[in-house]
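Listed here are the chains, written in short residue letters.
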Amino acid sequence: MESHNGEADDLPPPPPLNAGDEPVKAEETNKPSKPKRSLIQRKGFGKKGQPIRLVTNHFKVSLKNTEEFFYHYYVNLKYEDNTPVDRKGAGRSVIEKLQQTYATELANKDFAYDGEKSLFTIGALPQVNNEFTVVVEDVSTGKTPANGSPGNDSPPGSDRKRARRPYNTKTYKVELSFAAKIPMSAIAHALRGQESEHTQEAIRVIDIILRQHSAKQGCLLVRQSFFHNNPSNFVDLGGGVMGCRGFHSSFRATQSGLSLNIDVSTTMIVKPGPVVDFLITNQKVDHPQKIDWAKAKRSLKNLRIKISPSNAENKIVGLSDRPCRETMFTLKRRNGDNGDSEEISVYDHFVRNRGIELRYSGDLPCINVGKPKRPSYFPIELCNLVSLQRYTKALSTLQRSSLVEKSRQKPQERMSVLSDVLQRSNYDSEPMLMACGISIAKSFTEVDGRVLQAPKLKAGNGEDIFTRNGRWNFNNKRLIRASTVEKWAVVNFSARCNIRDLVRDLIKCGGMKGIKVEDPFDAFEENPSMRRAPAVRRVEDMFEQVKTKLPGAPKFLLCVLSERKNSDVYGPWKKKCLSEFGIVTQCVAPTRVNDQYLTNVLLKINAKLGGLNSMLQVESSPAMPLVSKVPTMILGMDVSHGSPGQSDVPSIAAVVSSREWPLISKYRASVRSQSPKMEMIDSLFKPRGTDDDEGLIKECLIDFYTSSGKRKPEQIIIFRDGVSESQFNQVLNIELDQIIEACKFLDEAWEPRFTLIVAQKNHHTKFFIPGDPNNVPPGTVVDNKICHPRNYDFYMCSHAGMIGTTRPTHYHILHDEIGFTPDDLQELVHSLSYVYQRSTTAISVVAPICYAHLAAAQVGQFIKFEEMSETSSSQGGHTSAGSVPVQELPRLHEKVKSSMFFC
C-alpha cells in the first residue's frame, strides 16, 4: 500500500560524504561545532513474555566472493548534438545496446544499472576513459525491423525504404566516469556489527542488481517493488484506476546474516485500453460528448499510448483545441518533385489517404504526441493506453477501501504466494548475482518471539477492565473520568436524520457510562435553500442561526453530516468551531444507531471534553518504571504529505505531547504546515527576537508545566514516525537539537534527559506462526535474528490482526539518556498501545503517534490548499523542498488548544 508519507522509506540513502566534505560554516559561528550524536548500540535483549516460535519473510543470503570490489561509474547520456538526454526511461535501452555493441572493449563485463545516473561493475572497466557512441532503434516511431521495414528477402526496388531506415534510429553518446570503489567486504563487516560508510552503498548495489533482473522481464519498477504485466494481478478500483499486485524485494543486514526481504506489494496503475474508455470511466460520464476536455488534458498528460495500426508507442503531450474534423495540417505530396502540398484535416487524412475507418473521433479532439513547436495529431480512437503506467493522484475514499479490501491476504495465503514468487523469480540465473557469489535460500527464516502480558486497565468506580486478545469493552462499566455534556446543541446538515431519537439515545447511553448528558438547548436544522451552496457558506449560515438563538456560547456542538467520509462541510465546520470560537465539537453521520455506535461516539466526546475513558493500572497507582518517578513528558511527532502525484500540497507537521503527569493517557497537539514533501519538521524551535519562541515544542513544554503542578519535565521520551533509516542522523542531530534549544530558551540551566525512538510502519517484514492460519497474538515482540546487527531495534505487534496479515511496527531506539532496560522499553511501548481513547482495542503503534496523524489530518482540512495537483503531471512534477512560501494553518483557539480535539 502506498503510505501516507509518499513512501519516502524505500529511497536509497544519499551517497556518503567523504571526510572533509562536512559543510561547516565557520565564518558564521564562533562557538565550536558540537560533536555529532551517533545511534546507540543495542543494550541487550528483552526477557519478559511467553516464548513463541515464528517465521518471517526474510530469506537467508550467502555471499562467497567478498574479496571483490564494486566499481561505481557515473553515467552521462547525451544526444549527438551534445544536449543532455532528458527523456525518462531512455537509459536502459541505451545501456543494453552499449553492452552488446562494445562487449570486447568492456571486457565482457555485466552491468548493474539503476536506470538513471549510476552503473556498477564487478572489478574495474579496462579503460579509464569510457566514451562511446550508441545507435538505438527509436521506439517512439515503432519502425523497428520487427514491424514494417523489409526483411532480407525483400524484392528489389524496396531499396528506397531501406535508404530511409536511418531516420528511425537515435544516436547517443555515453560517457562512463569512475565515481567510487566499493568493497564487497563492507557487507560482511556489517553483519559482524561493524558498519562502514560503504555498507549502505554495497547493499544498494545488490538491490540494483535485483531491480535490473525485474526490469529485464518488462516489469514496472516502483522503488524497490516490481510489477509484472499480468492481468490476473490487476483489480479494477473504478474511475479508470487499477490496483496492481507485485512484490517488494530488498537486501537487509541482520544479526543472523544478510537476508532478502520479499513481500507482496500493491501499486495503482492507469487502466490500459482505448483512451476514450479511460476518460469515460475516469470522469464517470456515459458518453464521449460529455467529457470535460480541460480535465482530460490534465489526466492524460505524459501517459504513454500505442497508436494503431502501426503500434508505435508515444507519450501524450496534449490535445488539439479543435475537433478532429477541423484540426488542419499541411500534407506534403511525396510523388511530385515540385514539392506541392495541401491543407487537410486530420480526420480526412486518416479516412481518405490512409483508408482507416473512424467511427466516433471526428467530433472529439485529437491526441497530440508531437513536440511543443511541432504538434503531431492522431484521432483519439486509434490511441490505446499502454499497460503498467503508474497512477499517482490521490485515490477517492471508495477507491481506497476497494484497494484495501482486494489486496488483503490472510497469513497463509501470503506465505504461499511469497514462496511461489521466490521459486519463479529465478534469481540464481542472474549473472551479476552469480558473479558476486550470492545465493538465496528458499525457506522462510525462523525467529524466536515473545508474547508480552497485556497491561491491566482501570475503569470507573475502581473496577478493573479485563482485556482478551487485545480487546475489551465497557459493558456494565463506567468511564474512569466521565465529563458532563452541558450547554450544548445539535446542528443538522443531513435531511435524513431523526435528531430527537438520536439525542434521546445519546442521553440514555451516556447515563449508563457515567456521562451526564443534559438536554440540548436546541437542534438547528439547515435551511433547505442552503443545501446547494458552497460548504463555507453553509457553515457560516448555520453559525448565524446558532449565534442568534443561543443565550451564550455553547460548550459543545454535535454536528450531524449526511456522509461519513468526504463531507465537504467537515473541514470548514471544524475550523469554525476550533479555530474561531473555541467550541468542542463532534461530527456524526449515523447510519445504524445502536449501543456500540453510541458508546464509540461518547468515548470521543468524553475525551474531547477533558474526560478519560480508561487508564493503565500502573498510571493510577503511579508505578511505571522510570516514568512515574520523575516528571516525564511523552512526545509523538509526525509529518503527513500529499499523495505522490501532488507535488505542491504543503506537508503538515504535528507534535503531540502528554499532560497532567504522572498520566501518560492525556495528550494535546500542535500542528503547522511546511514545504511539500519535506520530512524534517522545521518549526520545532522558532525564536522571534530574544524573548519569544513560536515553535511547536515551547507550546508542549508550557502546557506540561501548567497541567503537571508547575513541574518541568526532567525526562522527555520522543516517538518519531515516518522517517527512513537514511534520515535517522538528521532526526538525532537536527530535530533533537532544536528540541533542546527550545528547552534552553525557556531556562538556560534546564537539562532534561531524552530518549528518542523512531517507529516505522512502512517496511516489509511480516511474521507468521508455522502451521497456524491465524495472525501472531497481540503483544508479540521480536528483537533478535532479523533485527539490526548493531543498532537498537525491535519489532512489535501490539494489536490483534483481524483481517489480512498483521504488519508489525519497527521501533528503533536512536538515543537513550533515561536508561531504560530493553524489557522496560518494550513494556512502555506495549502499554502506550493501550491508552488510545477512541477505541477499546490495543492499536498497532503507540497512541501519541496515532494522535499526531489524527491532528495533522484534521487541522489539514481547515483550509483547502489550492491543489494544483491536477496540473502537475501524472508523473508528479516534483518541486524542490523549501522552494515556495507555504500557506499557514489557522491556530487553535485558546479554549480548545489543550484539549484532545483530534480524538
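Worth saying up front: this structure is predicted, and the values here are computed from it rather than measured. (Residues numbered from 1 in each chain as written. Predicted model: local features only at pLDDT ≥ 70, side-chain atom pairs only at ≥ 80, totals over all residues. Heavy atoms only, no water.)

**Here we look at the overall build of the chain**
- Each helix and strand in the chain was counted, giving 19 helices and 41 strands.
- Split into buried and exposed, the 903 residues of the chain put 54% on the buried side.
- Within the chain, contacts between residues at least 6 apart in sequence are counted, and of these 73% link residues at least 24 apart.
- For the chain, the accessible surface area stands at approximately 41,400 Å², while carbon and sulfur atoms represent 50% of it. (Helix = DSSP H or I, 4+ residues; strand = E, 2+ residues; numbered from the N terminus. Buried < 20%, exposed > 50% of the residue type's maximum accessible area, 1.4 Å probe, protein only. Contact = heavy atoms within 4.5 Å. Areas by Shrake-Rupley, 256 points an atom, 1.4 Å probe, with all protein chains shown as cover.)

**Observations regarding the confidence of the model for the chain**
- On average, residues of the chain score 85 in pLDDT, and 90% of them reach the 70 mark or higher.
- Note that residues 1-30 has pLDDT below 50 and, in this model, 42 contacts with residues that lie over four places away or in other chains.
- Predicted confidence for residues 141-167 stays below pLDDT 50, and this span has 19 contacts to residues more than four positions away or in other chains. (pLDDT = per-residue confidence, 0-100.)

**Remarks on the pattern of salt bridges**
- Summed over the entire model, instances satisfying the criterion amount to 46 salt bridges.
- Across the salt bridge formed by lysine 666 and glutamate 660, the nearest N and O atoms sit 3.3 Å from each other.
- Here arginine 672 makes a salt bridge to glutamate 699, at a shortest N to O gap of 2.9 Å. Linking arginine 672 in strand E33 (residues 667-674) with glutamate 699 in helix H16 (residues 696-707), this pair joins segments that are 27 residues apart in sequence.
- Residue arginine 672 is classed as buried on the basis of its relative accessible area of 7%.
- Among the residues examined, glutamate 699 registers a relative accessible area of 26% and is labelled partly exposed.
- Among the ionic contacts, a cluster of salt bridges with common partners joins Arg481, Arg659, Glu660, Lys666 and Asp703. (Salt bridge = Lys/Arg side-chain N within 4 Å of Asp/Glu carboxyl O.)

**Here's the deal with helix H17 (residues 728-746)**
- With 19 residues, H17 extends 27 Å from end C-alpha to end C-alpha; this agrees with the ideal 27 Å at 1.5 Å per step.
- The axis of H17 is deflected most strongly, by about 25°, at leucine 736.
- Listed in full, the buried residues belonging to H17 are Phe728, Val731, Leu732, Asn733, Glu735, Leu736, Gln738, Ile739, Ala742 and Cys743.
- Looking at the buried side of H17, the elements it contacts are strand E31 (632-640), strand E35 (692-693), H16, strand E36 (715-721), strand E37 (753-760) and strand E41 (809-816). (Expected span 1.5 Å × (residues − 1). Bend = angle between axes of the 7 residues up to and from the residue.)

**Considerations on a positive patch on the surface**
- A surface patch of positive charge is lined by Arg87, Lys297, Lys301, Lys315, Lys332, Lys371 and Arg374.
- By secondary structure assignment, the location of lysine 332 is in strand E16 (residues 328-332).
- On the basis of relative accessible area, lysine 332 is assigned to the exposed category, the value being 67%. (Patch = residues over 30% accessible without salt bridge, like charges linked within 9 Å, V, L, I, M, F, W, Y side chains within 5 Å. Lys, Arg positive; Asp, Glu negative; His and termini not counted. Charge placed at Lys NZ, Arg CZ, Asp CG, Glu CD.)

**Concerning the sheet that holds strand E30 (residues 615-616)**
- The three strands are arranged E23-E22-E30 in an open sheet whose pairing can be described as antiparallel. For this open sheet the edge positions go to strand E23 (464-465) and E30, each flanked by a neighbour on one side alone.
- Of the strand pairs in this sheet, strand E22 (residues 457-458) and E23 are connected by two bridges, and their pairing is antiparallel. Counted as the bridge partner of lysine 458 is aspartate 464 from E23. (Pairing = 2+ DSSP bridges.)

**Notes on the packing of aromatic side chains**
- Inspection of every chain in the model, using the stated rule, returns 20 aromatic pairs.
- Here the aromatic rings of phenylalanine 767 and tyrosine 795 are separated by 5.6 Å at their centres, their planes lie at 85°, and the arrangement is edge-to-face. On the criterion of sequence distance, the pair formed by phenylalanine 767 in strand E38 (residues 767-768) and tyrosine 795 in strand E40 (residues 792-797) is long-range, its members being 28 residues apart. Each of the two residues, phenylalanine 767 as well as tyrosine 795, counts as buried.
- Three or more aromatic residues joined by ring pairs form one cluster here, namely Tyr667, Tyr836, Tyr851, Phe901 and Phe902.
- For the cation-ring pair, lysine 181 lies above phenylalanine 69, with the distance from its terminal atom to the ring centre recorded as 4.4 Å. (Phe/Tyr/Trp six-rings, centres within 6.5 Å; stacked < 30°, edge-to-face > 60°. Lys NZ or Arg CZ within 6 Å of the ring centre and 35° of its normal.)

**A few points about the side chain of aspartate 816**
- Turning to its location among the elements, aspartate 816 is positioned in strand E41.
- At a separation of 2.5 Å, a polar atom in the side chain of aspartate 816 contacts the side chain of lysine 43.
- Within the local environment of aspartate 816, its side chain forms a polar contact with the backbone nitrogen of glycine 819, the two atoms lying 3.0 Å apart.
- Excluding residues within four positions of it along the chain, aspartate 816 makes contact with Ile40, Lys43, Phe754 and Thr755. (Polar contact = N/O pair within 3.5 Å; in protein donor to acceptor, adjacent residues only side chain to side chain.)

**Re the pairing of strand E1 (residues 50-63)**
- The pairing of E1 with strand E21 (residues 438-451) spans eleven bridges and is antiparallel. Pairing of serine 62 across the sheet is with serine 439, part of E21.
- With two bridges joining them, E1 and E38 adopt antiparallel strand pairing. Bridging across to E38, threonine 56 finds its partner in phenylalanine 767.
- Sheet analysis places E1 next to strand E11 (residues 257-270), joined by three bridges and oriented antiparallel. Paired with histidine 58 across the bridge in E11 is asparagine 261.

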